[in-house]
Structures are given as C-alpha cells and as structure tokens.
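One-letter residues, chain by chain:
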Amino acid sequence: MGFARACSVALVGVEGVVVEVQADLEPGVAAFTLVGLPDKSLVESRDRVRAAVVNSGAEWPQKKLTVGLSPASVPKGGSGFDLAVACAVLGAAERIDPAAIADVVMIGELGLDGRVRPVRGVLPAVLAAAEAGYRQVVVPEQTAGEAALVPGVSVLGVRSLRQLIAVLGDEPVPDEPAADRGRPDPMLAGLMMPGAGVGTGLAPFGAQGAGHRPDLADVAGQPRPRKALEVAAAGGHHLLLSGPPGAGKTMLAERLTAILPPLTRQESLEVTAVHSVAGILPPGEPLVTRAPYCAPHHSATMQSLVGGGNGLPRPGAVSLAHRGVLFLDEAPEFSGRALDALRQPLESGHVVVARAAGVVRLPARFLMVLAANPCPCGRHTLTGAGCECPPSAVRRYQARLSGPLLDRVDLRVEVEPVGREDLMGRGGRGETSAEVAARVREARARAADRLAGTPWTTNSEVPGHELRTRLLAAPGALLAAERDMERGNLTARGLDRVLRVAWTVADLRGADRPDASDIATALELRTGIHRGVPMRAGAS
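Bear in mind the structure is a predicted one, so any value in this text is a computation, not a measurement. (Residues numbered from 1 in each chain as written. Predicted model: local features only at pLDDT ≥ 70, side-chain atom pairs only at ≥ 80, totals over all residues. Heavy atoms only, no water.)

A. The arrangement of helix α22 (residues 492-508) in detail. With 17 residues, α22 should cover 24 Å at 1.5 Å per step; its first-to-last C-alpha distance of 25 Å lies within 8% of that length. Extensive coverage of α22 is indicated by the burial of 15 of its 17 residues. In the segment just after α22, G510 is the residue with positive phi, at about 80°. (Helix = DSSP H or I, 4+ residues; strand = E, 2+ residues; numbered from the N terminus. Expected span 1.5 Å × (residues − 1). Buried < 20%, exposed > 50% of the residue type's maximum accessible area, 1.4 Å probe, protein only.)

Written out as structure tokens, the structure is:
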C-alpha cells in the first residue's frame, strides 16, 4: 500500500483554507475515487490528472486509487487542485519522494498534455498558506509574480508537470517551449473572467484608449462640484451629484480616482486579492497600486452589487470597488432593493452574504458617488427648458433614493449647466488632477498624523463618539449644526457626518481643528442650503 500527501488551498470568498490532498493506493481493480466535497469542475480533475501524468512520461498506477481532500466539510471547487492531486498520486506510486511534497502548497490547473495553466485567486491562496505556516509554494509560471507578493514564502513557478517532477526528483529540468510572443498567450485565459474586459465599467478610461487618463482640467467650469470632489477624496466621503443631463456629472465622477492617493502596500494586497478572485486582474500586473473604479449599469441586480452567484457567493461591485470608487450613474433608475442593500457596507466597510452553501464576508470599503437627474426628463431645474413632468412624477422619481441611503451620503451638490464662457474656454482652464491630488495627499497626511495609534486612517471612518469627546471643534463652532438638528434638518448620524466633513475641510486649509466657517461649509455641502460662507477647501 502506498500513501502520500500534498497541500493546496480552497477559496471561500476572498479567504483561503489550506486543504490536505491525500492519495492512497491499494491492491484491487484499477479505479480513481475523489472524495472530500468536490464540485463538478473538481470531479473532472480525475481525467485531466490521469492524461497529464501519462503525457508527462510517468506511469499511471494500475491500482485502486483514493484521493481525499481534507477537511472534508469545506466545499471545494475549481481546477486549482490538479497539480496537488497529480503530485500526491505520483508520491503514493513512489515516482517522487513523498517527503518532498508533504509540506508544499501546490496551486494550478493541468492540461491534458501536462502543461500547468494559471488559475484565479493565487494571491489570497498564497496568503492563506503563509498564515497557516507553509513556506514553499508551487504555482504556474504566469502567476509567480502575483504569488511572490507574499513575504516569507518561497515561490516556484513551473510550466509543466514534467518540470515539477524533475525538480522534486533532483533530475535535469527539461526545457519547455515558451508561448509565441507574437500572439496572446492562451494560457492566460484562465485568469480573466469572461466579459471582464473593456466596456464593463471597471475602468473610467478603458473606452478612451490605453495610456489616456481623464484629467480634472477637462471639466469646464463647475467650481463647487470640483471642490466637493476634492473634499470627498481627502476624507473618503460619499457624494451625490444631481443636475440636468449634460452638466458633467459623469465626467466629474470618472476623474475622482485621479486625485485619490496611491494605495498603501496593505491596501494594494487587499484590492489585488479581490480582483484576482473575481478574474479581473490584468495579466502582467500582479499588484494593483491605484484606487479601483467600478461603474455598474443601472440594470444591475442586488446580487451583482453586493455579491452572490451559484454556490458560494462571489465578489460583487461593492467588493470590486474596495479602496476605490463605486459610481452609480442614473442612481434613481437602480432597483430599490439594490440601492438599499448598500446601507450595510456603507457603514461597516464589509458585506456579509449568506447563502445555502455558506456565509462569506467580503471587503467593501469604497467611496460611493451617486449621479441623479432632478426628474424623469431631466429638465426640472432648468429655466425655460419646458419640463412636462407633473409634480407627482418628480416626487416619485426623487423618492427612489431612500432617506436612510441619503442619510449616509455626506456631500450633496447641485451640478449646474455649463455656461458658454466656460465651455468655450474663455473662463480659464481649471486645475489639473495633479494639483488637486497634491492637496488631497497633504490633507490625508494631516488626518493620518492626528489619527495615529487608532484603527482609523481617514475622517470618514472616525466614530461620532470620538468626534464629540476627543476630537473637538473650536468653541461655539457647532451652534449652526445644533440648530439644524433641533429643526429636524439633521439626524444624529447626519451631525456626525457634518463633523467628519468639517475636519476634512479644516485639513485641506491646514487648520488644527474646524471652526464655525468649516462647520458652515460642511452643512452647505450636506444640505445644499447656501450658508453665505465661501467654501475654503483647497485653493482660493
């Protein structure tokens, strides 16, 4: 009787569970049994592994073979277990030393010819292996750069099972022909989810050509929305842009990622792990360093926004926008259930999706931007534009954004139609994204210094209790906000959010703490009611 074991990783959401792949050979009629709660794609690995082993020059054992995946209670799916299953079988057949593979984590799909194909989710899988104490990982050559992002782990990238057998047996490693560089590498097909290319709303500049990045200077006029965009980027505040069609709401939202600071190392690993599992990680770019941007269509379902799918839930738009921007254009056209499902992630920074197959916790700390027209025809606020919508239709349209959802939006700005002077460039070109991004980085640095030693990094994350007890505004600064709360214009949550925005405004102008004018600016940005105080965020 022969026995050997190797290790692989099962992904549950964006987290990994190390799975021990055990192979047992016994005398009897030749058969291959796979146990341990596998799904359909994993059951099919029996035929892939058998063909790959034979075509790699090794002999397939003609005995009763049982492969177990432990722990058996964890659902397992995908083709990433092929490499570990093949090595465990060869170890049980004594083609390779069982001790050489006992503590090695192997991730990869096998082709029938023995080539090792890349799979999605390599980064979270290697992170789970490192947390479990494993220090040696074997992955497909195309994803070796992604796996190498995890510190303290020795990564071996292989092209074929034949190469891995030679490495484990201290034999000469055969040369495998590389892919033809004159055409796309077919091996990378396993890394991309079908339909995740250009046009899915996952990049604000995808449709405009590679190398082009939208710049804030492209926006004509709109000084107040531009300032609101700067405040949103500096403090991580959610934003509602309302105005008639063609005023520039989408242009402003697409340029928000350009003024956000680059992701930290930890944030980059979080975003890369989610994108790797979702199959939208660009080939050749193993680490995401810029804030992501996700703009789903208004026909998106609740499951596509918060996560779902058959079996274990997959990341939705809120997770794809983690540490970045989620832009909901034509927000009132989204279904009410889909919009209200955003309430929990807006507050907690994560989403918990419960399905019959299990419960998954997905990261979802994003900056939400809503864009809305004032009425179904969009001309309600235009003078002399001929809006024919009855008042009841306008009320119903505006009521599609529920009060609890709007209560979580810190900034609400009217985007006015662009005038002729601004559109023709006679009013002067606005600031570039680089100039605004520099002020945003300085404001975030001030907030990070103030919040050092706490679990928060931006003003939008600070709890209201801290703002009212430890991080105090100037004496008498809250009088206007307290009056609005007494009149019913502000809720308790709204008051906390006004304080957060006021701290961001103070950071942008370099003040130690917010004063009455900063509170007035924050109130104007939240309620839309002019307070007679010029907005002092950013440049004058």
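Let's pick the thread back up.
B. The arrangement of the side chain of S517 in detail. For S517, the location among the structural elements is in helix α23 (residues 516-527). For S517, a relative accessible area of 16% corresponds to the buried category. Within the structure, the side chain of S517 is placed 2.7 Å from the side chain of D515, a separation counted as a polar contact. (Polar contact = N/O pair within 3.5 Å; in protein donor to acceptor, adjacent residues only side chain to side chain.)

C. Geometry of the packing of helix α21 (residues 479-486) against α23. Where α21 meets α23, the closest approach of the two axes is 8 Å, and the angle between their N-to-C directions is 35°. Every residue of α23 that contacts α21 at A480, A481 and D484 is listed here: I519, L523 and T527. Classifying every residue of the contact of α21 with α23 gives four nonpolar, one polar and one charged. (Axes fitted to C-alpha atoms, helices over the stretch in contact; angles between N-to-C directions. Contact = heavy atoms within 4.5 Å. Nonpolar A, V, L, I, M, F, W, Y, C, P; charged D, E, K, R; others polar.)

D. Structural view of the packing of aromatic side chains. For the structure on display, the rule yields two aromatic pairs. Ring geometry for F32 against W60: centres 5.7 Å apart, planes inclined by 40°, an arrangement best described as tilted. Of this pair, F32 sits in strand β3 (residues 31-35) while W60 sits in the loop between α2 (45-55) and β4 (64-70), and the two are 28 residues apart along the sequence. F32 gets classed as buried once you look at its relative accessible area, which sits at 9%. In this structure W60 comes out as buried when scored by relative accessible area, which is 10%. Between Y293 and F327 the ring centres are 6.5 Å apart and the planes differ by 35°, which places this aromatic pair in the tilted class. (Phe/Tyr/Trp six-rings, centres within 6.5 Å; stacked < 30°, edge-to-face > 60°.)

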